[in-house]
Amino acid sequence: MSKKDIAVKLENVKKIFKIDGKEINVLENITLDIYAGEFIAILGPSGCGKSTLLRMIAGLDSTTDGMIAVGERIVTEPSVDTGMVFQEARLFPWLKTAENIRYGIAGMNKKDWSKEEQDTKIRELIELVGLNGFEKAWPWQLSGGMQQRASIARALINNPSVLLLDEPFGALDALNRINMQIEALRIWEQEKKTMIMVTHDIDEAIFLGSRIVVMSDKPGVIKDVIDVELSRPRDRTSADFALLRKRIYELLFEDRKTLIEYYI
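Residues numbered from 1 in each chain as written. Predicted model: local features only at pLDDT ≥ 70, side-chain atom pairs only at ≥ 80, totals over all residues. Heavy atoms only, no water.

Draft legend 1. View of the overall build of the protein chain. Each helix and strand counted, the protein chain has 9 helices and 10 strands in total. By principal-axis analysis of the C-alpha atoms, the protein chain measures approximately 60 × 45 × 40 Å. Each of the 264 residues in the protein chain was classed as buried or not, and the buried ones make up 46%. In the protein chain, of all internal contacts separated by at least 6 residues, the share reaching a separation of at least 24 is 69%. With an accessible surface of roughly 13,400 Å², the protein chain has 50% of that area assigned to carbon and sulfur atoms. Computing the positive centroid from 36 side-chain charges and the negative centroid from 40, the protein chain places the two 2 Å apart. (Helix = DSSP H or I, 4+ residues; strand = E, 2+ residues; numbered from the N terminus. Buried < 20%, exposed > 50% of the residue type's maximum accessible area, 1.4 Å probe, protein only. Contact = heavy atoms within 4.5 Å. Areas by Shrake-Rupley, 256 points an atom, 1.4 Å probe, with all protein chains shown as cover. Lys, Arg positive; Asp, Glu negative; His and termini not counted. Charge placed at Lys NZ, Arg CZ, Asp CG, Glu CD.)

Draft legend 2. The arrangement of the sheet that holds strand β2 (residues 22–35) in detail. What the 4 strands build is an open sheet, ordered β2-β1-β4-β5; its pairing is antiparallel. Each edge of the sheet is formed by a strand with only one pairing partner; in this case those strands are β2 and β5 (73–74). The pairing of strand β4 (residues 65–70) with β5 spans 2 bridges and is classified as antiparallel. Paired with A69 across the two strands is I74, which belongs to β5. (Pairing = 2+ DSSP bridges.)

Draft legend 3. Up close: the pattern of salt bridges. The tally for this structure, following the rule as stated, stands at 17 salt bridges. Among the ionic pairs, D61 bridges to K15, the shortest N-O distance being 3.1 Å. Residue D61 is located in the loop between α1 (50–58) and β4, and its partner K15 is located in strand β1 (residues 6–19); the two are separated by 46 residues in the primary sequence. Linking D201 and R177 is a salt bridge whose minimum nitrogen-to-oxygen distance equals 3.8 Å. Remark: R177 occurs in helix α6 (residues 174–191) and D201 occurs in the loop between β8 (194–199) and α7 (202–208); sequence separation between them is 24 residues. Judged by relative accessible area, D201 falls into the partly exposed class, the value being 25%. Look at R177 and you get buried, because its relative accessible area is 12%. (Salt bridge = Lys/Arg side-chain N within 4 Å of Asp/Glu carboxyl O.)

Interpretation in functional terms is not warranted from these geometric data alone.
Encoded structure:
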């Protein structure tokens, strides 16, 4: 990975919400370069603007001030160069797995691709996310993890350069969450995409991230950016993993030392 290739650039990004006539400063002075092929984990307390930041990178929300660029494109609206996976799978209950994935094809690609080309791409993605045999399954016939696999396939159908994941495994049980973390890592390594994930889970951030962006709130700012220098695959029981976990706890709860000592 060359750090000369910037996949996403955030420059002095600010976001203010107007609620009931009052201005609420959600994000302040967010500046960060995300390099091509990185797996970035954004970690912080609820309300620090993590999901808002992801939505602005996707072009689903606008900045109040500052600039966001994906590659050479200044973000002003959604584009096929970013794909997004939400916490809920958001599959259409009236469409089977393959057709839910097909629905993600952007309008211009639908015109450019023949039905056969679409079918080939869908088959490739179903194999990538491990849903072989479930092409004709209804969403209610899929487990939560399988539904998220279908959502990831749908987000990848336009071959985006950047994949955004907004707490995608938060609704899963502990075992399925670990399995999906392993799958996300496998897809990242195979597809060589730039991935940016919002999470509340410190272990998840350490297990997946090339770097961890630690945020604090009121307003949301970047507190630190940590290079994760642990070899892959990462051992959650190792001393180095535990030391990094402790460092992040201290960043998140530096004013609550008793809580840190209790949990670590």
